[in-house]
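A structural walkthrough
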Amino acid sequence: MSFEPFLAVFVITQFRKNLKNDGLLDKWNQYLNIGYFIAIGIFIIDVSFSAHKAATILSHLYFLGLTIAPYYIDDLKSGKQLAFALIPFAIVGLISDVIEKWFPNFYDDHENTIQSLVVFSLIWAFSLWMINRKQAKALENERRQRFAEQEQNRMMAAMKVNLESEVKQRTAELTKQTEELQQALAELKSTQAQLIQSEKMASLGELTAGIAHEIQNPLNFVNNFSEVSIELLEELKDEVLDKLPDDVKEEAGDIISDITQNLSKINQHGKRADAIVKGMLQHSRTTTGKKEPTDINALADEYLRLSYHGLRAKDKSFNAGMKTSFDPELGKIEAIPQDLGRVLLNLFNNSFYAVTEKKKLLGEGYEPTVTVNTKRVVSASGADLVQIMVEDNGTGIPQKVLDKIYQPFFTTKPTGQGTGLGLSMSYDIITKGHGGDLKVETAEGEFARFIITLPVGNLQSA
């Protein structure tokens, strides 16, 4: 009985391990199982026909075929070291059995040599197998170490990704918090500025109102007595002048005319001063200063019609067209309706005045029109705004006076028709009282367009 079938099973088992490590076991599993069955079959034949030369030779040939297989099959090349260790034993064993079976005389003469070769081949196989085993263990340890390092690197990479993600997330949160704080700071500064302006306006209003009231009394005295004096002079002229001698009648008439003219001038400028005082009182008039939900569309429409009918009541010949375009989705904003109404009323009065003056110049071919629009807009910084536009096709504003229109007491209207406080008051209410903006676009002789923009921090749905 030969040991080659057992060695064949050992070799096939080693092939199986190598193929499993290489990921090729599924491909060769069926063939390996067949190899096991062949080895078992050869073992049975060898036991059953041990005296038959063919059984022994078959066992040697099968074992030799397994040992040289790694040199011809690429998938089994990882078993070359094992094959290199066993090939000498397979060859020596085959030669020894062939000589023993077919050349017994030669075998008897050289038995010691042949047995020495067999022993040497076994020592060779065992030595290389031990060396290969140590190397395999070293390689396995190296592989495991490399795998551990790779796993550690993978875990470090995953931790790095997670850490970077957390850093980005935290950075985004900090950025958002910073933006929110900056926005809150801006709102706080705006609110602070509005409060300071309200306090300043209140203090200034009290002072202005006190001064205006003190001026009002002597001014009323001057105006009233100038009117009474004019009436007395008219009576004097009608009843007494004709009774005077002719030599003094003409001179007395001239004196009375001069005094009447002087009193008229006094009365005219007194009324001018009275208008300024009333404007000062209006400018200093205090409101609750409390913001409340305000319907901008309704407010603009109300004061537009109030301005129109107020001017019609003063001048029956006044007439002008009105166009409105109100955004139905505008909703309500937090505002001081009394102050905002004063601004709109002043702008409407100015527009109606401008178109009336142009009508006087151009006559019937001209159609005076005042247009009012409201809409929501977005600023360059992305903030939502409410825009109110008041436009007229009147005389426009000369370029040389554009920089002065918001100055107190500056006016382009004739003496007695404007105090120069309307636009100044409007600018302060919009910019300082509501944190908005008031701009003007104009072309002299063609149009004037005032644009109010208010922040929509507290916009409510309509």
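Residues numbered from 1 in each chain as written. Predicted model: local features only at pLDDT ≥ 70, side-chain atom pairs only at ≥ 80, totals over all residues. Heavy atoms only, no water.

Brief notes about the pattern of salt bridges
Within the structure shown, the criterion is met by 11 salt bridges. Put simply, Glu173 and Arg170 hold a salt bridge, and the shortest N to O gap is 3.2 Å. Of this pair, Glu173 and Arg170 both sit in helix 6 (residues 111-239), 3 residues apart, which is roughly one turn of the helix. Looking at Arg170, the relative accessible area reads 45%, which means it is partly exposed. Among the salt bridges present, the one from Arg376 reaches Asp384, with a minimum N-O distance of 3.3 Å. A relative accessible area of 38% places Arg376 in the partly exposed class. Among the charged side chains, a network of salt bridges with common partners joins Glu391, Glu441 and Arg449. (Salt bridge = Lys/Arg side-chain N within 4 Å of Asp/Glu carboxyl O. Helix = DSSP H or I, 4+ residues; strand = E, 2+ residues; numbered from the N terminus. Buried < 20%, exposed > 50% of the residue type's maximum accessible area, 1.4 Å probe, protein only.)

Section: helix 1 (residues 4-22)
Relative to the 27 Å expected for 19 residues at 1.5 Å per residue, helix 1 spans 27 Å between its end C-alpha atoms, a close match to the ideal helical length. Glu4, Pro5, Ala8, Val11, Ile12, Phe15 and Leu19 are the residues of helix 1 that are buried. Each buried residue of helix 1 lies within a common arc of 110 degrees when the element is viewed along its axis, so the set occupies one face. Turned more than 90 degrees off the buried face of helix 1, the exposed positions are Lys20 and Asn21. Two residues or fewer past helix 1, Gly23 is found with a positive phi of approximately 75 degrees. (Expected span 1.5 Å × (residues − 1). Arc of directions from axis to C-beta.)

Observations concerning the layout of surface pockets
With a probe scaled to a water molecule rolled over the atoms, the places where space remains empty come into view. Roughly 940 Å³ of volume is contained in the second largest pocket. In terms of lining, the second largest pocket is formed by 21 residues, of which the most central are Gln14, Asn18, Asn21, Asn132 and Ala136. Sorting the residues of the lining of the second largest pocket by element identifies helix 1, helix 4 (80-102) and helix 6 as the ones contributing at least two each. Here the lining of the second largest pocket gets 11 residues from one element, more than from any other, and that element is helix 6. Its residues assigned to classes, the lining of the second largest pocket comprises 5 nonpolar, 8 polar and 8 charged. (1 Å grid on protein atoms, 1.4 Å probe; cavity = no way out; pocket = protein on both sides within 12 Å on 5 of 7 lines; lining within 4 Å. Points joined across faces, edges and corners; volume = space filled by probe spheres on them. Nonpolar A, V, L, I, M, F, W, Y, C, P; charged D, E, K, R; others polar.)

Brief notes about the packing of helix 1 against helix 4
Between helix 1 and helix 4, whose axes approach to 12 Å, the crossing angle comes to 170 degrees. On the basis of their axis angle, the class for helix 1 and helix 4 is roughly antiparallel. Within the contact between the two elements, helix 1 uses Glu4, Leu7, Phe10, Val11 and Gln14 and helix 4 uses Leu82, Leu86 and Phe89. Class assignment of the residues belonging to the contact of helix 1 with helix 4 gives a composition of 6 nonpolar, 1 polar and 1 charged. (Axes fitted to C-alpha atoms, helices over the stretch in contact; angles between N-to-C directions. Parallel < 35°, antiparallel > 145°, perpendicular 65-115°, else oblique. Contact = heavy atoms within 4.5 Å.)

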